[in-house]
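Coordinates in review
Below are the chains, spelled out letter by letter.
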Amino acid sequence: MMTEAEILTRVARLTRDRLTVCVAQAWVRPRLSDGGQVFDDTDLARLRLIVELTEDMAVNDEAVPLILNLIDEVSTLRRRMRAVDAALGAEGLRDTLVQRLLTMREH
């Protein structure tokens, strides 16, 4: 877990004001500790992405939550697909399914 000061040090070009906006908009969700807000690795990655989007790509604040939601959805789908792949492998069905999908694709 990282404090606000640590986050500001680790995320280039992130200002305190910008961090406040990110928290207020719930783009990141720090936890509360005795010392104040603390951020995890997910928050760190999201803040780096937000800075890249808004500073490097000139994405406006209205588009940021849409982009973050899409990225979250893709991440969820990837996790689910890895779980399905693992389950198919454990049941010995992965190769059969891959062959079936390839056959369907050819038609």
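Figured I'd write up the structure that's included with this text. Values in this document were obtained by computation on a predicted structure and should not be read as measured data.

Once that is clear, we can look at the overall build of the chain. Counting its regular elements, the chain contains five helices and three strands. Reading the helices (α) and strands (β) of the chain from amino to carboxyl end gives β-α-α-β-β-α-α-α. Relative to the 2.2 N^0.38 estimate, which gives 13 Å for 107 residues, the radius of gyration of the chain is 20 Å and therefore markedly larger than a compact globule would have. Taking the principal axes of its C-alpha atoms as reference, the chain extends roughly 55 × 35 × 20 Å. Considering the chain as a whole, with its 107 residues, one finds that 23% of them fall into the buried category. Expressed as a percentage of contacts within the chain between residues at least 6 apart in sequence, the contacts between residues at least 24 apart total 47%. Element-wise, carbon and sulfur atoms account for 54% of the exposed surface of the chain, whose accessible area totals about 7800 Å². A gap of 4 Å separates the mean positions of the 15 positive and 18 negative side-chain charges of the chain.

With that out of the way, let us pick up the side chain of R18. Its location among the elements puts R18 in helix 2 (residues 16-24). The class for R18 is buried, based on a relative accessible area of 16%.

Our next topic: the nonpolar core. I7, V11, L14, L19 and L47 are the most contacted members of the largest nonpolar core, which has 18 residues in total. A total of five residues in this core trace back to one element, the largest contributor, which is helix 3 (residues 41-56).

A separate point is the sheet that holds strand 3 (residues 36-39). Strand order in the open sheet formed by three strands is 1-3-2, with antiparallel pairing between adjacent strands. Where the open sheet ends on each side, the last strands, each with one partner, are strand 1 (2-3) and strand 2 (31-33). When strand 1 meets strand 3, the two strands line up antiparallel, connected through two bridges. Bridge pairing links M2 to F39 in strand 3. The strands that helix 3 touches are strand 1, strand 2 and strand 3; relative to strand 3, the one it contacts most, it runs at about 80°.

Once that is clear, we can look at the packing of helix 3 against helix 4 (residues 64-90). The relative placement of two packed helices comes down to the angle between their axes together with the axis-to-axis distance. For the pair helix 3 and helix 4, interaxial distance at closest approach is 11 Å and the crossing angle is 135°. By the criterion of interaxial angle, the relationship of helix 3 to helix 4 is oblique. For helix 3 against helix 4, the interelement crossing comes out right-handed. Contacts between helix 3 and helix 4 involve R46, L49, I50, L53 and T54 on the former and, on the latter, V64, I67, L68, I71 and D72. For the contact of helix 3 with helix 4, the class distribution of residues is seven nonpolar, one polar and two charged.

The rules behind these values
Residues numbered from 1 in each chain as written. Predicted model: local features only at pLDDT ≥ 70, side-chain atom pairs only at ≥ 80, totals over all residues. Heavy atoms only, no water. Helix = DSSP H or I, 4+ residues; strand = E, 2+ residues; numbered from the N terminus. Rg over C-alpha atoms; globule rule 2.2 N^0.38 Å. Buried < 20%, exposed > 50% of the residue type's maximum accessible area, 1.4 Å probe, protein only. Contact = heavy atoms within 4.5 Å. Areas by Shrake-Rupley, 256 points an atom, 1.4 Å probe, with all protein chains shown as cover. Lys, Arg positive; Asp, Glu negative; His and termini not counted. Charge placed at Lys NZ, Arg CZ, Asp CG, Glu CD. Core = buried A, V, L, I, M, F, W, Y, C linked by side-chain atoms within 4.5 Å. Pairing = 2+ DSSP bridges. Axes fitted to C-alpha atoms, helices over the stretch in contact; angles between N-to-C directions. Parallel < 35°, antiparallel > 145°, perpendicular 65-115°, else oblique. Left-handed = near helix turned anticlockwise from the far one by under 90°. Nonpolar A, V, L, I, M, F, W, Y, C, P; charged D, E, K, R; others polar.

Read these as geometric descriptors, not functional statements.
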